[in-house]
2 protein chains.
Amino acid sequence: MRNKDCRGHLWWHGRFRGCGYRITLAREAILEVLSRANQHLSAEDIYIKVHPMYPNIGLTTVYRTLDVLVDLGLVFKFDFGDKRARYELAEGPKGAHHHHHLICTNCKRVIDYTDFIDEEVELLNQTEKGLSKKYNFMITNHLIQFYGLCDKCNNKK
Amino acid sequence: MRNKDCRGHLWWHGRFRGCGYRITLAREAILEVLSRANQHLSAEDIYIKVHPMYPNIGLTTVYRTLDVLVDLGLVFKFDFGDKRARYELAEGPKGAHHHHHLICTNCKRVIDYTDFIDEEVELLNQTEKGLSKKYNFMITNHLIQFYGLCDKCNNKK
DNA sequence: ATTATAATGAAAATGGTTGTCATTAACAAT
DNA sequence: ATTGTTAATGACAACCATTTTCATTATAAT
Ligand SMILES: [Mn+2]
Ligand SMILES: [Mn+2]
Ligand SMILES: [Zn+2]
Ligand SMILES: [Zn+2]
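Nothing here was measured: the structure is a model prediction, and the numbers come from that model. (Residues numbered from 1 in each chain as written. Chains lettered and ligands numbered in written order. Predicted model: local features only at pLDDT ≥ 70, side-chain atom pairs only at ≥ 80, totals over all residues. Heavy atoms only, no water.)

Colleague: Just to check I follow, could you spell out the protein's contact with DNA strand D for this structure?
Modeller: The full set close to DNA strand D counts 22 residues, and Arg22(A), Tyr63(A), Thr61(B), Arg64(B) and Lys83(B) are the nearest of them. Atoms of DNA strand D within 4 Å of the protein: sugar and phosphate make up 69%, bases the balance. Note that a phosphate oxygen of DNA strand D is positioned 2.9 Å from one of the backbone N or O atoms of Ala85(A). Elements supplying a minimum of two residues to the surface near DNA strand D: helix 4 (59-72) of chain A together with helix 2 (25-36) and helix 4 (59-72) of chain B. Per-class residue counts for the surface near DNA strand D are seven nonpolar, six polar and nine charged. (Near = heavy atom within 4 Å. Polar contact = N/O pair within 3.5 Å; in protein donor to acceptor, adjacent residues only side chain to side chain. Helix = DSSP H or I, 4+ residues; strand = E, 2+ residues; numbered from the N terminus. Nonpolar A, V, L, I, M, F, W, Y, C, P; charged D, E, K, R; others polar.)

Below is the structure:
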């Protein structure tokens, strides 16, 4: 209920308009679902969750909106190895919640972790700086994932 | 010409037989292509490159062989965002050549880098140890990628 | 209210990857 | 070297997440 001021004043509206994008019901609904979610949703997951509040939405629109959100940097798109893209809000209104992922290659379970993030971010910054210089590359983002077997899958063997 | 002893003595044969896999012409050809490649090949790239030395190979076999190789840990499978999987030999006979990737989100160019690898690996080991303990997760692998704009794409704007 | 055009949704198309199945090849046993 | 067992192969079809098309609708500037 915070940051919602009867249409037209959500935190991301500014960013949208600034880039020439229009604010639509479909986009509001999709962002609403994303901000409520605590898992990593697929396009179809979102499509289904949006239905109750906007029954006429098309899956195509979900895909297109997600593209826009990824472009704007509001949403991250991931490949966790289960054959479909997974999406996650980059940051809520209250600020970023930077984390990386631990992925079970057997059951595809994904764990968000923030432990050790400080040291990681520190090293990443240094590395990014060095790489930018050496390869004349403008780094905008990074991806860190650990793969292995979760407790359940490990015990099962 | 090293490590090749007239069929039956390539460095990876042991690993293959140990797991009950048979050694076939198709597999030899695919591994040959992979070990000669200095880029990141797609399944179709491999299919095309294998043709001259083995014209009857099917694309299906390429996919299946790659699955086996990934399973055995001889090959890494990557998603660089160009809609097709990319494959790379994990290590040659002379030993590993551990590196990470720098990916241009515009032109999809991929740069292998080994700079800072030592520090990264150091931190990764620590992190892996901590995460393994906390989440009871058996970590077997990691993925680190930096995204951004390469020099050409950056200047173009 | 008018207008320009971005956004939408239904449907079809795309294309990388996987499944099917009859045939062939690898290799252990003889 | 020959045979038998069965993994591997390749042609082809199927799968399915994602994209394209296009006529219609909604947004927002004027
Ligand atoms: Mn996450
Ligand atoms: Mn590489
Ligand atoms: Zn698991
Ligand atoms: Zn580029």
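Colleague: What is the right way to read the protein's contact with DNA strand C from this model?
Modeller: Around DNA strand C, 23 residues are found, and the nearest of them are Thr24(A), Thr61(A), Arg64(A), Lys83(A) and Tyr63(B). For DNA strand C, the fraction of atoms within 4 Å of the protein that belong to sugar or phosphate moieties is 66%. Backbone polar atom of Asn56(A) to a phosphate oxygen of DNA strand C: 3.2 Å apart, as the coordinates give it. Elements represented by at least two residues in the surface near DNA strand C include exactly helix 2 (25-36) and helix 4 of chain A together with helix 4 of chain B. The class makeup of the residues in the surface near DNA strand C is seven nonpolar, seven polar and nine charged.

Colleague: Where do I start with the coordination of the manganese ion (ligand 2) in this structure?
Modeller: Each pair of donors in an ideal octahedron of six around a metal sits at 90 or 180 degrees, and each pair in an ideal tetrahedron of four sits at 109.5 degrees. Residues and elements named next belong to chain B. For the manganese ion (ligand 2), the full set of protein donor atoms is His40 (NE2), Glu88 (OE), Glu88 (OE), His99 (NE2), His101 (NE2) and Asp112 (OD), and the range of their distances to it is 2.1 to 2.8 Å. Around the manganese ion (ligand 2), the six donor atoms sit at angles spanning 51 to 179°, and that spread fits a shape best called irregular. The exposure class assigned to histidine 99 is buried, which follows from its relative accessible area of 14%. (Donors = N, O, S within 2.8 Å, 3.2 Å for Na, K, Ca; no water. Tetrahedral: all angles 85-135°; square planar, octahedral: opposite > 155°, others 65-115°. Buried < 20%, exposed > 50% of the residue type's maximum accessible area, 1.4 Å probe, protein only.)

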